[in-house]
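These are the residues of each chain, in order.
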Amino acid sequence: MVMSDKKGFVGRPLRRTLWGMVLCTLLFTGCAGRQEPVKESIQEKSGIEAAIDSFVGDDYTQIDVQVFALGEVRTLTLAGDEVAALKSWFQDAEYEPVTFAEGEEPGETEGGAACRIQGVGGKQDMELTLYLMGGDERVLQMDGAWVKVVNEEELPLEVD
């Protein structure tokens, strides 16, 4: 071969082959790095369920409960196993969104009781109000949202 060729030592066919190899390498390695993200089936929780998870997951040293019934107010302080029992009750419950007509919201009707529940000594202050409508009907208000609370277990609070 003669080195005085204008194109140098590498001829046109070999140059095309080298460029083709470089392009194929870039194409295939670029595509291998771009994998589709794995889609997980994650069911998003409603705001109230996320708040309940936060309430249940916090490490409160005690829970203060104000019970409003029959025109009287009683204060309960839960500690130790009582805190764990109440948190477990909320964790095991199911929550269904509910709406009320104006003037029909719990607390504006007679009967039943209301429990203002506040965690103390945890990472965040959280307050929720549980309305006991009679029988097993319970409604929870938290951050302005209303939900029906369904739990077959007895509420671990002495409300009477």
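Bear in mind that the values here come from a model prediction, so they are computed numbers and not experimental data.

With respect to the overall build of the chain
Okay, so step 1: Helix and strand content of the chain: 3 helices and 7 strands.
Okay, so step 2: Once local pairs closer than 6 in sequence are excluded, the contacts in the chain between residues at least 24 apart make up 58%.

So, the pattern of salt bridges
Okay, so step 1: Using the criterion set out here, one finds 1 salt bridge in the structure.
Okay, so step 2: Of the charged contacts in the structure, one is a salt bridge between Arg116 and Glu127, with a shortest N-O distance of 3.6 Å. Taken as a pair, Arg116 in strand β4 (residues 113-120) and Glu127 in strand β5 (residues 127-134) lie far apart in primary sequence, 11 residues in all.
Okay, so step 3: Judged by relative accessible area, Glu127 falls into the partly exposed class, the value being 40%.

Points about the packing of aromatic side chains
Okay, so step 1: Inspection of every chain in the model, using the stated rule, returns 5 aromatic pairs.
Okay, so step 2: One aromatic cluster is present, built from ring pairs that chain together Phe55, Tyr60, Trp89 and Phe90.

Looking at the pairing of strand β2 (residues 72-79)
Okay, so step 1: In this structure, strand β1 (residues 62-69) lies alongside β2, joined through 8 bridges in antiparallel fashion. The residue bridging Val67 from the neighbouring strand is Arg74, located in β2.
Okay, so step 2: Hairpin connection of β1 to β2: 2 residues between the antiparallel strands, including Leu70 at a positive phi of 50°.

Observations concerning the sheet that holds β4
Okay, so step 1: Ordered in space as β2-β1-β4-β5-β6-β7-β3, the 7 strands form an open sheet in which the pairing is antiparallel. Across the chains shown, the open sheet's two edge strands, defined by having one partner strand only, are β2 and β3 (94-97). If you compare each strand with its neighbour and ignore which way they point, the axes differ by 25° on average.
Okay, so step 2: Sheet contacts for helix α2 (residues 47-57): β1, β3, β4, β5, β6 (137-142) and β7 (145-150); angle to β6, the most-contacted strand, approximately 85°.
Okay, so step 3: Packed onto the sheet, helix α3 (residues 81-92) meets β1, β2, β3, β4, β5, β6 and β7 and runs at close to 100° relative to β2.

Overview of α2
Okay, so step 1: Looking at α2, one finds that the buried residues are Ile48, Ala51, Ile52, Phe55 and Val56. Down the axis, α2 shows its buried residues gathered within 135° of arc, on one side only. For α2, exposure combined with an orientation more than 90 degrees from the buried face picks out Gly47 and Gly57.

Observations regarding the side chain of Arg138
Okay, so step 1: Relative to the helices and strands, Arg138 resides in strand β6.
Okay, so step 2: No salt bridge forms around the buried Arg138; measuring N to O, its nearest opposite-charge neighbour Asp136 is 4.1 Å away.
Okay, so step 3: Beyond its immediate sequence surroundings of up to four residues, Arg138 is in contact with Trp89, Leu130, Tyr131, Leu132, Val147, Lys148, Val149, Asn151, Glu153 and Leu155.

Rules used in this analysis
Residues numbered from 1 in each chain as written. Predicted model: local features only at pLDDT ≥ 70, side-chain atom pairs only at ≥ 80, totals over all residues. Heavy atoms only, no water. Helix = DSSP H or I, 4+ residues; strand = E, 2+ residues; numbered from the N terminus. Contact = heavy atoms within 4.5 Å. Salt bridge = Lys/Arg side-chain N within 4 Å of Asp/Glu carboxyl O. Buried < 20%, exposed > 50% of the residue type's maximum accessible area, 1.4 Å probe, protein only. Phe/Tyr/Trp six-rings, centres within 6.5 Å; stacked < 30°, edge-to-face > 60°. Pairing = 2+ DSSP bridges. Axes fitted to C-alpha atoms, helices over the stretch in contact; angles between N-to-C directions. Arc of directions from axis to C-beta. Lys, Arg positive; Asp, Glu negative; His and termini not counted.

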